[in-house]
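Structural overview for review
The chain contents come next:
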Amino acid sequence: NPSATGENIRLRKDDAFYEERNVKFHLKTSVTEVKPNSREVYLSNGDTIVYSKLVIATGGNVRKLQVPGADLKNIFYVRKVEDANTIANLHPGKNVVCVGSSFIGMEIASSLTANAASVTVISNSAEPLPVFGEDIGRGMRRKFEEKGVRFELATNVVSLRGNFDGEVKQVILANGKELDVDLLVCGIGVTPATEFLKGSGITLDNRGFIVVDEKFRTNISYIFAIGDAVTAPLPLWDIESINIQHFQTAQTHGQYLGYTIVGKPQPGPIVPYFWTLFFFAFGLKFSGSSQGSTKEYTHGDPEAGDFTRYFLKKDKVIAVASGGPTSAPAQFAEIFKKGIEVTLKDLKK
């Protein structure tokens, strides 16, 4: 629905649920400063709130294009429901260019192709969806091309040109090509929304992510953090700290932090899992963490988009990616949770 509002899409419609649990909201308000010594949070409206425990779950801010012309009209980033609505309402009959070939860029391209005059994806990697590997990316690109999507691979936007009304009209690429554009949609990643914590004493890593332990505690007592804004341990994979930006993981962080706050043990290890669907017809699923993998073993045909790929480390499966109907990643999410080791020999059987 291209006129939906935050009010329409919120998961719980009943205010009574929150009132009964004494949950209050401060809308259209941001936090300007956190003062751990006095346990105070300073708000943009001038108010101060005193906390006994503080949870930071601020997520990310969209990364903006940093090229000449980036301030022209009809350049969009997808962050709020209103952004999606605007793109949905403006794109029919238009030449659309999507900058970025990861999940956001590819999902946008797949959802606009039916009604746009043209859709072109600009990828700074050799193939789209680089986290999956080039062959899988190539298979996905071919499926997109069959639907009419064009690609400019291994290149970047160097500048944007506009008309007299200040609307974007041309995209100039590093490979020398110039593309006509009426609507430019960018999905080039996020930066953690943690600027307001500078000077708070809360430890951030060099990229600005909040460093937490396996119980989501920061370095300061009574302050916790969860979701896309944090870098946290992944004990099952012996990973000291990793930032994961998928909503299943962020949701699990929230649930598990609840256990920490009431002093109960967490209900098992966190297993990253994510999926995406393109054109409501084909997609990809992934579970585990492939960081540090030394070997891959593949069933099926990645270039046809129907495959299962296993990532191994020390002869043990640590992650599974798939395309097509297989449910292997979901099955492995359970196998990882139970701590069952699966080797290359097991896979070959």
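From a predicted model like this one, the values you see are computed outputs, not experimental measurements.

This next bit is on the UniProt feature "domain: FAD/NAD(P)-binding" (unreviewed entry) in the protein chain. The sites that carry the UniProt feature "domain: FAD/NAD(P)-binding" (unreviewed entry) are, in the present numbering, residues 20–254. Note that residues 20–254 is 18% helix and 30% strand, and that its end C-alpha atoms are spaced 20 Å apart.

Let's shift gears to the side chain of Glu127. Structurally, Glu127 is set in the loop between strand E8 (118–122) and helix H5 (134–146). Separated by 3.5 Å, the side chains of Glu127 and Arg138 make a polar contact. Engagement of the side chain of Glu127 in a polar contact is seen with the side chain of Arg141, the distance being 2.6 Å. With near-sequence residues (within four places) excluded, Glu127 lies in contact with Ser101, Glu134, Gly137, Arg138, Arg141 and Leu153.

Next up on the list: helix H6 (residues 247–261). For H6, spanning 15 residues, the distance from its first C-alpha to its last is 21 Å, which sits close to the expected 21 Å at 1.5 Å a residue. As for H6, its buried residues are in contact with strand E4 (54–56), strand E16 (223–225), strand E17 (230–234) and strand E19 (273–278).

Quick look at unusual backbone geometry now. Phi is mostly negative for residues that are not glycine, and the peptide bonds are mostly trans. Notably, Asn22 is not glycine yet its phi reads approximately 60°, a positive angle. If you check the backbone angles, Ala154 has positive phi at about 50° while not being a glycine. Position of Ala154 among the secondary structure elements: in the loop between strand E9 (150–152) and strand E10 (157–162).

A separate point is the side chain of Thr308. Of note, Thr308 is situated in strand E22 (residues 306–313). In this structure Thr308 touches Tyr297, Thr298, His299, Val320, Ala321, Ser322, Thr326 and Ala328, once residues within four positions along its chain are discounted.

With respect to the secondary-structure elements, Leu11 resides in the loop between helix H1 (6–9) and helix H2 (15–20). Judged by relative accessible area, Leu11 falls into the exposed class, the value being 84%. In this structure the C-alpha to C-alpha distance between Leu11 and Arg309, which are 298 residues apart in sequence, comes to 34 Å.

Looking now at the pattern of salt bridges. Going through the model one piece at a time under the given rule, you end up with 20 salt bridges. Within the structure, one salt-bridge network assembled from shared partners comprises Glu127, Glu134, Arg138, Arg141, Arg142, Glu145 and Glu303.

The 3 strands lie next to each other as E15-E17-E18, forming an open sheet whose pairing is mixed. Edge strands, defined here as strands with exactly one partner in the open sheet, are strand E15 (210–211) and strand E18 (239–242). With 2 bridges joining them, E15 and E17 adopt parallel strand pairing. Each bridged residue has a counterpart across the sheet, and for Val211 the counterpart in E17 is Thr231.

Reported here for the second largest pocket is a volume of approximately 290 Å³. Lining the second largest pocket are 16 residues; nearest its centre among them are Leu236, Trp237, Lys316, Val317 and Ile318. Every element with two or more residues in the lining of the second largest pocket is listed here: strand E23 (316–323) and helix H7 (328–338).

Mapped onto the elements, Leu347 comes out in helix H8 (residues 344–348). Taking the C-alpha atoms as reference points, Leu347 and Tyr310, 37 residues apart in sequence, are found 8.7 Å from one another. When sequence neighbours within four positions are dropped, the list of residues in contact with Leu347 reads Tyr297, His299, Tyr310, Leu312, Val317, Phe332 and Val342.

Bringing the sheet that holds strand E20 (residues 282–288) into the picture now. Here we have 5 strands laid out as an open sheet, ordered E19-E20-E23-E22-E21, and antiparallel in their pairing. At either margin of the open sheet sits one strand with a lone partner, and together these are E19 and strand E21 (295–301). Ignoring strand direction, the axes of neighbouring strands in this sheet form an average angle of 10°. In terms of strand pairing, E20 meets E23 through 5 bridges, oriented antiparallel. Paired with Leu284 across the two strands is Gly323, which belongs to E23.

Rules behind the numbers
By convention here, each chain's residues receive numbers from 1 onward along its written sequence. Selection of residues for local features in this predicted model requires a pLDDT of at least 70, selection of side-chain atom pairs for listing and counting requires 80 or more, and totals for whole chains, interfaces and linings are taken over all residues. Side-chain measures here rest on the full set of heavy atoms in the structure, leaving out hydrogens and waters. UniProt positions are given in the numbering used here, feature names are shortened, and annotations may be inferred rather than shown by experiment. A run of H or I in DSSP becomes a helix once it reaches four residues, and a run of E becomes a strand once it reaches two; helices and strands are each numbered from the N terminus. Polar contact is defined as a pair of N or O atoms within 3.5 Å, subject to the rule that within protein one atom must be able to donate a hydrogen and the other to accept it, and that residues adjacent in sequence are counted only when both atoms are side-chain atoms. It only takes one pair of heavy atoms within 4.5 Å for two residues to be counted as in contact. In this scheme, a helix's expected span is set at 1.5 Å multiplied by one less than its residue total. Only protein chains enter the accessibility calculation, which uses a 1.4 Å probe; a residue is then buried when its area is under 20% of its type maximum, exposed when over 50%, and partly exposed in between. One side-chain nitrogen of Lys or Arg within 4 Å of one carboxyl oxygen of Asp or Glu is enough to make a salt bridge. Two strands are counted as paired when DSSP detects at least two bridges linking them. Here the term cavity refers to a set of points on a 1 Å grid, laid over the protein atoms alone, in which a 1.4 Å probe fits but cannot get out; the term pocket refers to an open set having protein on both sides within 12 Å along at least five of seven lines, with lining residues being those that place an atom within 4 Å of a point. Grid points are joined across faces, edges and corners, and a volume is the space filled by probe spheres set on the points. Each axis is a line fitted through C-alpha atoms, taken for helices only over the stretch in contact, and angles between the N-to-C directions span 0 to 180 degrees.

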